[in-house]
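Coordinate analysis (summary)
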Amino acid sequence: KAGVTQTPRYLIKTRGQQVTLSCSPISGHRSVSWYQQTPGQGLQFLFEYFSETQRNKGNFPGRFSGRQFSNSRSEMNVSTLELGDSALYLCASSSGTRSTYEQYFGPGTRLTVT
Amino acid sequence: AQSVSQHNHHVILSEAASLELGCNYSYGGTVNLFWYVQYPGQHLQLLLKYFSGDPLVKGIKGFEAEFIKSKFSFNLRKPSVQWSDTAEYFCAVNAQYNAGNMLTFGGGTRLMVKP
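Residues numbered from 1 in each chain as written. Chains lettered and ligands numbered in written order. Predicted model: local features only at pLDDT ≥ 70, side-chain atom pairs only at ≥ 80, totals over all residues. Heavy atoms only, no water.

It is worth spelling out the overall build of chain B at this point. Within chain B one finds zero helices and twelve strands. In sequence order, the secondary structure elements of chain B are arranged as β-β-β-β-β-β-β-β-β-β-β-β. Computed over C-alpha atoms, the radius of gyration of chain B comes to 14 Å, within 12% of the 13 Å expected from 2.2 N^0.38 for 115 residues, which places it in the range of a compact globule. Viewed in the frame of its principal axes, chain B has a C-alpha envelope of about 45 × 30 × 20 Å. When burial is assessed residue by residue, chain B has 49% of its 115 residues classed as buried. Restricting to contacts in chain B with at least 6 residues of sequence separation, those with at least 24 account for 55%. Taking the average location of the 9 positive side-chain charges in chain B and that of its 7 negative ones, the two points are 3 Å from each other. (Helix = DSSP H or I, 4+ residues; strand = E, 2+ residues; numbered from the N terminus. Rg over C-alpha atoms; globule rule 2.2 N^0.38 Å. Buried < 20%, exposed > 50% of the residue type's maximum accessible area, 1.4 Å probe, protein only. Contact = heavy atoms within 4.5 Å. Lys, Arg positive; Asp, Glu negative; His and termini not counted. Charge placed at Lys NZ, Arg CZ, Asp CG, Glu CD.)

The structure is reproduced here in structure tokens:
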């Protein structure tokens, strides 16, 4: 099985712009979660989508949003970028069933905001 | 809200030394517990997981972890480390009150193994 893929892998944006990141989960997985990784704050949960619905949400401002499509692919959007949004954004997928909460992570998208 | 603490931020060991990385969480209910590893330049990989049953769980590459409910701990161990174990290790918790997947991670422990 192919793993979780994320595009693009690297991105440079200017403060005030918006950005969209994409994640393709493992085939058959219906849950996609997003995490932000920074040296200062570590790994923080952004949100989770399951069957096109947001199931969980972390403590991030409304500038961070996401969606999931019928094929389980997910996108996250950050509007009005700030310098502090520079981070590695990780996507993780799982089957989403209650019997297992094992998540498989993608390589991440490195976002740099200048 | 749950939180996870990893006591050691940096650990340096020589090859063949034994490893124990501490992880404590704060949540009084039922939890699912994980250890993930991030090798240099690679993505996060699952080392092992605990859902229920035997509190001593074995993972890949000779790692094991013990869940001690009374201490809210899930420490990672390996009897003899190798240079290839150099990586950052993350403990994570998913409280079962969550409807789905919402991992809370510890701050990570950077392990350097000297050859």
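This part takes up the interface of chain B and chain A. Contact with chain B, which involves 18 residues of that partner, is made by 22 residues of chain A. Approximately 1800 Å² of surface area, both sides summed, lies buried where chain B meets chain A, with 54% of it carried by carbon and sulfur atoms. Summed over the shared surface of chain B and chain A, the result is one salt bridge. With a closest N to O distance of 2.5 Å, Glu-102 of chain A and Lys-49 of chain B form a salt bridge. Where chain B packs against chain A, one counts four residue pairs in polar contact (both at pLDDT 80 or more). When residues of the side of chain B that touches chain A are traced back to their parent elements, those giving at least two are β5 (31–38), β6 (45–50) and β10 (87–95) of chain B. The element best represented in the side of chain B that touches chain A is β5 of chain B, accounting for four residues. Taken together, the residues of the side of chain B that touches chain A sort by class into ten nonpolar, seven polar and one charged. (Buried area = accessible area lost by both parts, 1.4 Å probe. Salt bridge = Lys/Arg side-chain N within 4 Å of Asp/Glu carboxyl O. Polar contact = N/O pair within 3.5 Å; in protein donor to acceptor, adjacent residues only side chain to side chain. Nonpolar A, V, L, I, M, F, W, Y, C, P; charged D, E, K, R; others polar.)

We now examine the environment of Thr-104 of chain B. Residues and elements named next belong to chain B. In this fold, Thr-104 is placed in strand β11 (residues 104–105). In sequence terms Thr-104 and His-43 are 61 residues apart; their C-alpha atoms lie 17 Å from each other. Ignoring anything within four residues of it in the chain, the contact list for Thr-104 reads Gln-2, Ser-3, Val-4, Cys-91, Ala-92 and Val-93.

This brings us to the nonpolar core. By size, the foremost hydrophobic cluster in this structure holds 28 residues, and its most contacted members are Leu-33, Trp-35, Leu-47, Leu-48, Phe-74, Leu-76 and Tyr-89 of chain B. Once residues lying within four places of it in the same chain are set aside, the contact partners of Leu-76 of chain B are Leu-19, Glu-20, Leu-21, Trp-35, Leu-47, Leu-48, Phe-63, Glu-64, Ala-65 and Tyr-89 of chain B. One finds Val-4, Phe-47, Phe-64 and Met-76 of chain A within the second-largest nonpolar core, a separate group that totals 21 residues. (Core = buried A, V, L, I, M, F, W, Y, C linked by side-chain atoms within 4.5 Å.)

Looking now at the side chain of Ser-31 of chain A. Secondary-structure assignment places Ser-31 of chain A in strand β4 (residues 31–38). We classify Ser-31 of chain A as buried; its relative accessible area is 1%.

Once that is clear, we can look at the state of the cysteines. By definition, a disulfide links two cysteine residues through a covalent bond between their sulfur atoms. All names here are of chain A. The full count for this structure, using the stated rule, is two disulfides over all chains. Bridging Cys-23 to Cys-91, the disulfide has an S-S length of 1.7 Å. Taking the sign of the torsion about the S-S bond as the criterion, the disulfide between Cys-23 and Cys-91, at about -55°, is left-handed. Taken together, the residues Cys-23 in strand β3 (residues 19–24) and Cys-91 in strand β9 (residues 87–94) connect sequence positions 68 residues apart. Look at Cys-23 and you get buried, because its relative accessible area is 0%. Looking at Cys-91, the relative accessible area reads 0%, which means it is buried. (Disulfide = S-S within 2.5 Å.)

The next point concerns the pairing of β4 of chain A. All names here are of chain A. Across the eight residues of β4, eight count as buried, placing the element largely inside the fold. Burial along β4 is two-sided: Ser-31, Ser-33, Tyr-35 and Gln-37 facing one way and Val-32, Trp-34, Gln-36 and Thr-38 facing the other are all buried. Here β4 runs beside strand β5 (residues 42–50); their pairing, made up of eight bridges, is antiparallel. Counted as the bridge partner of Thr-38 is Gly-42 from β5. Connecting β4 to the antiparallel partner β5 that follows it, the hairpin turn spans three residues. In the sheet, β4 pairs with β9 via seven bridges, with the strands oriented antiparallel. Each bridged residue has a counterpart across the sheet, and for Gln-36 the counterpart in β9 is Tyr-89. (Pairing = 2+ DSSP bridges.)

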